[in-house]
Amino acid sequence: NMAQPTTLRMSHLFLRAQRQTWSRLGQRNLSTTLCCAQAQPKPTTSTRAGARPGAQSMSEPGVLPTPKLPARAQEYWNRRKTPELEEASRTLQLRIPLYATNDLTDQAFLDAKCDNRLRSMAFHNDIYADVFETVAIAKKNMSISWPSDHPEGDVVLHRGNVIVPEETRAAPTVRFTPTANTLYTLVVMDADGRVDGQSGQLALYLKCNMSTPEDGDEVVSYLPPVPYKNTGYHRIVAALIPQSQSLDVESVKTAVLTDASKPLLQRGMRCSNLLSLCKAAPVAFCFGQAQWDESVEETCTSHGLDHVVFRHS
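The notes below deal with the structure included here.

### A word on the sheet that holds strand S4 (residues 155-157)
Ordered in space as S4-S3-S6, the three strands form an open sheet in which the pairing is antiparallel. Two strands bound the open sheet, and with one partner strand each, they are S4 and strand S6 (173-176). Averaged over neighbouring strand pairs, the angle between their axes works out to 25° when direction is ignored. As defined by bridge partners, strand S3 (residues 142-146) adjoins S4 across three bridges and the pair is classed as antiparallel. For Ser-145, the partnering residue across the bridge sits in S4 and is Val-156.

Here you go:
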């Protein structure tokens, strides 16, 4: 039967094209959910404001499609029989609609099992072991974004996506739905940013006593990510922590930050100490990766920080 090898090869090409397409789109959209593949050369629907490349607006904002397994299986086999889909995958023209999760409500976030996906990604990136030092299950959805005039929308910190330091110079916008009568601490940190030889993180932004995303007391002013040259990707982590009571800013500095003379070293911290101070684990968190670019040197100069360059011996 001469058709069998051809069919097997076409299936192999289809799967390989799917992996290549997902890898290419996933560089900027790791927090989105794969729903179904489309063979159209270009989407005709409009794109939501703030959506990243490949994020197609096919549902109402705040709603994530969750088809049941039988429907997904039927869709899969139907599309495998579509010649246009096979041709699109073979020629690397396959378009996969991706759904952004940063605008989901807390309930929609949990209903779509986003907390489970976040936990898996956190384990994969050693966020629990290296940052929280405990396993924290997200109970709320939180969005951290930087304003951008790019047509693709704002830069959003998802769950492992790549962000560019050049695009994160302005202070981020924080969005979450607060629980009544609850205060929160927000921390944005570089999990790989310590240069003093100590374990811990580099505080990029720290704010406590937040009853809404707009208010609160600033403990550490915002510093854009400064992944040093030749150190690869740095994990940028943001966490929202409920407080057991109102916190004094100076007490937070004393308990969390490193006592050092140089500005960069003063931002050294241990997230576990912050969790102990708040007496709670994070209820929401997100993270991404950043690598050195030329804006890092400009950021260090403007903030009076030492230029740190690692050289391979």
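We are not done yet, so read on.
### Notes on the packing of aromatic side chains
Using the criterion set out here, one finds seven aromatic pairs in the structure. Measuring from ring centre to ring centre gives 4.8 Å for Phe-123 and Tyr-128, while their planes differ by 75°; the resulting arrangement is edge-to-face. Judged by relative accessible area, which is 4%, Tyr-128 ranks as buried. Centroid distance Tyr-128 to Phe-285: 6.1 Å. Interplanar angle 70°. Geometry classified as edge-to-face. Of this pair, Tyr-128 sits in helix H6 (residues 127-132) while Phe-285 sits in strand S12 (residues 284-290), placing them 157 residues apart in sequence. Taking the relative accessible area as the measure of exposure, Phe-285 reaches 3% and is therefore buried. Three or more aromatic residues joined by ring pairs make a cluster, and in this case those are Phe-123, Tyr-128, Phe-132 and Phe-285.

### A word on unusual backbone geometry
Positive phi, close to 60°, is recorded for Asn-181, a residue that is not glycine. Following the sequence through the fold, Asn-181 ends up in the loop between S6 and strand S7 (184-190). Classification of Asn-181 as exposed rests on a relative accessible area of 86%. The phi dihedral of Asn-209 is positive, around 55°, even though this residue is not glycine. Among the structural elements, Asn-209 can be located in strand S8 (residues 201-210).

### Focus on the nonpolar core
Counting residues in hydrophobic clusters, the biggest one holds 36 residues, and the most contacted among them are Phe-132, Met-189, Met-269 and Phe-285. Phe-132 has contacts with Ile-127, Met-189, Val-237, Ala-239, Cys-271, Ser-272, Leu-275, Pro-282 and Phe-285, leaving out every residue within four places of it along the chain.

### Points about the pairing of strand S9 (residues 217-220)
Sheet topology places S8 next to S9; three bridges connect them, and they run antiparallel. The residue bridging Lys-207 from the neighbouring strand is Glu-218, located in S9. Hairpin remark: S8 followed by S9, antiparallel, with six residues in the connecting loop; positive phi at Gly-216, about 120°.

### With respect to the packing of helix H7 (residues 249-256) against helix H8 (residues 271-278)
At their nearest, the axes of H7 and H8 sit 9 Å apart, and the two run at 140° to each other. In terms of axis orientation, H7 runs oblique to H8. Crossing angle aside, the handedness with which H7 passes H8 is right-handed. Facing H7, whose interface residues are Val-252, Ala-255 and Val-256, H8 presents Asn-273, Leu-274 and Leu-277. Classifying every residue of the contact of H7 with H8 gives five nonpolar, one polar and no charged.

### Describing the pattern of salt bridges
Within this structure, the stated rule accounts for 10 salt bridges. The salt bridge partner of Asp-192 is Arg-235, with a shortest N-O separation of 2.7 Å. With a gap of 43 residues between them, Asp-192 in the loop between S7 and S8 and Arg-235 in strand S10 (residues 234-242) connect regions that are remote in the sequence. The partly exposed category is assigned to Asp-192, whose relative accessible area is 29%. One continuous salt-bridge network, built from bridges that share partners, spans Asp-130, Asp-192 and Arg-235.

### What about helix H3 (residues 83-90)?
Taken together, the buried positions of H3 are occupied by Leu-85, Glu-86, Ala-88 and Ser-89. The arc enclosing the buried residues of H3, seen along the axis, measures out at 165°, which places them on a common side. Structural note: H3 exposes Pro-83 and Glu-84 on the side pointing more than 90 degrees away from its buried face. Two residues or fewer past H3, Leu-92 is found with a positive phi of approximately 60°.

So, how was this worked out
- The numbering scheme is per chain: residues are counted from 1 as the chain's sequence reads.
- The predicted nature of this model means local features are confined to residues of pLDDT at least 70 and side-chain atom pairs, given and counted, to a pLDDT of 80 or more, with totals for whole chains, interfaces and linings taken over all residues.
- Side-chain metrics rest on all non-hydrogen atoms present in the structure, leaving aside hydrogens and water.
- Here, strands pair whenever DSSP counts at least two bridges between them.
- Runs of E in the DSSP output that reach at least two residues are strands. Runs of H or I that reach at least four are helices, and both are numbered from the N terminus.
- Axis geometry follows a simple rule: fit a line to the C-alpha atoms, using only the stretch in contact for helices, then measure angles between N-to-C directions, giving values from 0 to 180 degrees.
- Ring pairs are drawn from Phe, Tyr and Trp, using the six-membered ring of Trp, whenever the two centres fall within 6.5 Å, and their geometry is named by plane angle: stacked under 30 degrees, edge-to-face over 60, tilted for the rest.
- Buried, partly exposed and exposed residues are distinguished by accessible area as a fraction of the type maximum, computed with a 1.4 Å probe on protein chains only: under 20%, between the cut-offs, and over 50%, respectively.
- Nonpolar core, defined: a set of buried Ala, Val, Leu, Ile, Met, Phe, Trp, Tyr and Cys residues in which side-chain atoms within 4.5 Å join the residues together.
- What makes two residues a contact is simply this: any of their non-hydrogen atoms within 4.5 Å.
- Any angle from 65 to 115 degrees is called roughly perpendicular, while one under 35 is roughly parallel, one over 145 is roughly antiparallel, and all others are oblique.
- Crossing handedness: left-handed means the near helix sits turned counterclockwise from the far one by under a right angle, and right-handed means the same turn made clockwise.
- Residue type decides the class: Asp, Glu, Lys and Arg count as charged, Ala, Val, Leu, Ile, Met, Phe, Trp, Tyr, Cys and Pro as nonpolar, and the leftover types, Gly among them, as polar.
- In what follows, salt bridge is the name for a side-chain nitrogen of Lys or Arg lying within 4 Å of a carboxyl oxygen of Asp or Glu.
- Throughout, the arc means the angular range of directions from the helix axis out to the C-beta atoms.

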